[in-house]
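Notes for the structure review
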Amino acid sequence: MENLKYAFFVGCTPKQSTPELMQSTLAIAQAFNIELVELVEATCCGASHMQDYDDFLSLVLNARNICYAEKRGLTIVTVCNTCQLNLATAKHRLDNDEKLRDRVNAKLKEVGLEYRGTSEIKHFLYALIDDFGIDAIASKVKNPLKDLYIAPFYGCHNIRPHEVHGSSNGNEDPYRPTSLDRLIVALGGHSVEYGHKNKCCGFHVELQAPKTANRISGSAMLDAIDNNADTMVTPCPLCHLRLDVQQKNISKEMGEDISIPILHMPQMVGLALGISPEKLGIKHNIAKIDFIK
């Protein structure tokens, strides 16, 4: 297989709030000989907050980010569901509205850029599954996760709305997603089926209604626990911040102790590849991961 190469849109969270996601992403990319070229010129995607405040500015912002991948002739990979949604939404709108694209390009011209729509936007999860391949991943497994029952937590923004993501996420069915499940099985683990796997984590509710956010998160975690999950895994750092960091607050709101390890998707892959917990940044996870010796 020819080595894969992508423009890496890091976003804000992996470098600031979840450094373990950055560490583990780079670790498994190296193990798979995947080259990630960081878009150092890129800025925040707007985090779905800029989009509410100034729609046109958010389009210019994300078009500018995409332009840097276009200049390199590369597909963008993201490691955050919200970054994925905002970049993909901007691309979808600009590719389907010539007048809007012309308005955006008029602004981009001021900084010497032009959006052309030549770069795809893809989450790292789907780059692994669709481009590198499930069978190729399975062939690299050194420590099968055979003793673990893992609850996949997809979150919202990586699978909805379907028309925005299209083929970039393998035409994932937002009502019956399977990508994380298939990845878990390829790594030798047991995928846990439960009703909340494709629900919201509550992250974007937290500032306005923290009690509601904790109930949303708690319901998902209890569902996973009730279905005998040993751990949960998510491809989104914002979901991880909710489910991992907020467990004490979630437990208080739900009126019972809720404790379950939460893995980033590349941490789970890295463990199966035999990469050390140190290189995967496990020390930064808040909830104790008691199955790692």
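Let me begin by describing the structure that accompanies this report.

1. Observations concerning the overall build of the chain
Helices and strands together make up the secondary structure of the chain, namely 13 helices and eight strands. For the chain, the C-alpha radius of gyration of 19 Å lies close to 19 Å, the compact-globule estimate for 293 residues. Each principal axis of the C-alpha atoms in the chain carries an extent, and together these give about 55 × 45 × 30 Å. Counting across all 293 residues of the chain, residues that qualify as buried make up 55%. Of all intrachain contacts in the chain linking residues separated by at least 6 positions in sequence, the fraction that spans at least 24 positions is 78%. Split by element, the accessible area of the chain, about 13,200 Å² in all, is 49% carbon and sulfur. Between the mean site of the 31 positive side-chain charges and the mean site of the 35 negative ones, the chain shows a separation of 3 Å.

2. Some details on the packing of aromatic side chains
A ring pair, where both rings are aromatic, is described by two values, the distance of the centres and the angle of the planes. Under the defined criterion, the tally for this structure stands at one aromatic pair. Relative to Phe132, the ring of Phe32 lies with its centre 4.4 Å away and its plane at 35 degrees, an arrangement referred to as tilted. You can see Phe32 sitting in the loop between α2 (19-31) and β2 (35-38) and its partner Phe132 sitting in helix α7 (residues 124-139), a full 100 residues away along the chain. Of the two residues, Phe32 and Phe132, both sit in the buried class. The positively charged end of Arg103 is found above the aromatic ring belonging to Phe56, 4.2 Å away from the centroid.

3. Quick notes on the side chain of Asn105
Along the polypeptide, Asn105 turns up in helix α6 (residues 98-108). Only 2.6 Å separates the side chain of Asn105 from the backbone nitrogen of Tyr115, close enough to count as a polar contact. Excluding anything up to four places from it in sequence, Asn105 contacts Leu113, Glu114 and Tyr115.

4. Quick notes on the environment of Ala63
Mapped onto the fold, Ala63 is located in helix α4 (residues 55-72). Remark: the alpha-carbon pair of Ala63 and Cys45, spanning 18 residues in sequence, is separated by 9.7 Å. Those residues in contact with Ala63 that sit more than four places away from it in its chain are Leu94, Val104, Leu108 and Tyr115.

5. What about α4?
A rise of 1.5 Å per residue sets the reference length of α4, with its 18 residues, at 26 Å; its end C-alpha atoms lie 27 Å apart and thus fit the reference within 8%. Taken together, the buried positions of α4 are Ser58, Leu59, Val60, Leu61, Asn62, Ala63, Asn65, Ile66, Cys67, Tyr68, Ala69 and Glu70. Capping of α4 at its N-terminal end is provided by Asp54; its side-chain oxygen lies 3.4 Å from the backbone amide nitrogen of Phe56. Just past α4, the residue Gly73 takes up positive phi, approximately 70 degrees.

About the criteria used
- Residues numbered from 1 in each chain as written.
- Predicted model: local features only at pLDDT ≥ 70, side-chain atom pairs only at ≥ 80, totals over all residues.
- Heavy atoms only, no water.
- Helix = DSSP H or I, 4+ residues; strand = E, 2+ residues; numbered from the N terminus.
- Rg over C-alpha atoms; globule rule 2.2 N^0.38 Å.
- Buried < 20%, exposed > 50% of the residue type's maximum accessible area, 1.4 Å probe, protein only.
- Contact = heavy atoms within 4.5 Å.
- Areas by Shrake-Rupley, 256 points an atom, 1.4 Å probe, with all protein chains shown as cover.
- Lys, Arg positive; Asp, Glu negative; His and termini not counted.
- Charge placed at Lys NZ, Arg CZ, Asp CG, Glu CD.
- Phe/Tyr/Trp six-rings, centres within 6.5 Å; stacked < 30°, edge-to-face > 60°.
- Lys NZ or Arg CZ within 6 Å of the ring centre and 35° of its normal.
- Polar contact = N/O pair within 3.5 Å; in protein donor to acceptor, adjacent residues only side chain to side chain.
- Expected span 1.5 Å × (residues − 1).

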